[in-house]
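Now for the letters of each chain:
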Amino acid sequence: SITMATKINRPVHDIISIGDATLDHFVQINTASLLCNINERDCWLCLKYSEKVPIDGLISTIGGNACNNAVGSARLGLKAAFFSIIGDDDVGQKILKFVKQEKVSLKYLMVKKNTASNLSIALRYKTERTILVYHEPRRYTLPTLSSSKWIYLTSLGKEFGTVHDQLIKQLDSTGASLAFNPGTHQLLASVKKLAPILKRSNVLIVNKEEAQMLLGDHQKDTYAQLMENLRVLGPEIVVVTDGEHGAYAFDGKKRYHIKPAPAKVLERTGAGDAFSTGFLAALSREKTIADALAWGAANSASVIEHVGPQAGLLSTPKLLARIRKGKCRATEI
């Protein structure tokens, strides 16, 4: 069960998403090749060096893990807010305008003068993408957060530790349960540095590779072993996703598995964020872990049928319809 630090009858927000926002440019390329190891999982995208490479399409969308979660939560009918720092450039203005249109609260969104916003370039080849990411250097100061059912902490820049420390100090006053989906810089840090936030996390959501990064030398662990070892770090519920193998969850007593929802894969960016969004939206509505896995799987399946992380994010009626149509059910294992 999810325990909340402080009981608040009517929280201001259902969820506050904390992390960076970006402008994502999706570049479709067909004149490339793949070089893979014998296991066919470790691959390199190869382009001709020092030559012009033609592209077959360009799409620009707003993205970033926390932004994806905030927008997806709002579409599912939650009162969503979003903490991030953006620049006062054209990219920042686009992010600001888009998030406002999606009915996400701008209460905690900060615009820093004379700085650039984050951006990424996703090289799309077949159904996968290789992402080049630029993070503008940031010094974060977390504002005073209002009450919320959930706080979703995800990818931040190198100075993420400041936000972690400030958030821990505020968790009790917000009454929120904490969900943690670490980004690249957080994953590259030591488990010792992440220990305080992991101990306060109600839910930890990672993919299989991220789980192995957090744990170190656990390449041969089963899903059950990965979840048990992650739970030792503090989270009440551990969720491990693994693409075509589906997703797994463990609450210390029961383990669950769900297969991927049926989907015609176009592009996979944002699949993990969509899963996390659906999962937490279900928990915020007092659904079971099994139900939450189905919500996550359905939302993720919709996103990978579109280009970019947000075009396929569903409303609650469409998500429930997709669950029924795809017969999305988690099983206890």
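As a reminder, the structure under discussion sits directly above these lines.
Moving on to the sheet that holds strand β8 (residues 118–125). Spatial strand order, β5-β2-β8-β9: four strands in an open sheet with mixed pairing. The open sheet terminates on both sides in strands that have one partner only, identified here as β5 (57–63) and β9 (128–134). Ignoring strand direction, the axes of neighbouring strands in this sheet form an average angle of 20 degrees. As paired strands, strand β2 (residues 22–28) and β5 are joined by seven bridges and run antiparallel to one another. Among the inter-strand pairings, Asp24 is bridged to a residue of β5, identified as Thr61.

What follows concerns helix α6 (residues 208–215). Quick reminder: α-helices carry 3.6 residues per turn. Residues three or four places apart thus point the same way. The buried count for α6 comes to six of eight residues, which makes it a mostly enclosed element. Of all the residues in α6, the buried ones are Lys208, Glu210, Ala211, Gln212, Leu214 and Leu215. Check the buried side of α6 and you find it contacts α4 (184–188), α5 (191–200), β12 (203–207), α7 (223–231) and β13 (237–241). Backbone nitrogen of Glu209 and a side-chain oxygen of the N-cap are separated by 3.2 Å at the start of α6; the cap is Asn207. In the segment just after α6, Gly216 is the residue with positive phi, at about 90 degrees.

How each quantity is defined
Residues numbered from 1 in each chain as written. Predicted model: local features only at pLDDT ≥ 70, side-chain atom pairs only at ≥ 80, totals over all residues. Heavy atoms only, no water. Pairing = 2+ DSSP bridges. Helix = DSSP H or I, 4+ residues; strand = E, 2+ residues; numbered from the N terminus. Axes fitted to C-alpha atoms, helices over the stretch in contact; angles between N-to-C directions. Buried < 20%, exposed > 50% of the residue type's maximum accessible area, 1.4 Å probe, protein only. Contact = heavy atoms within 4.5 Å. Polar contact = N/O pair within 3.5 Å; in protein donor to acceptor, adjacent residues only side chain to side chain.

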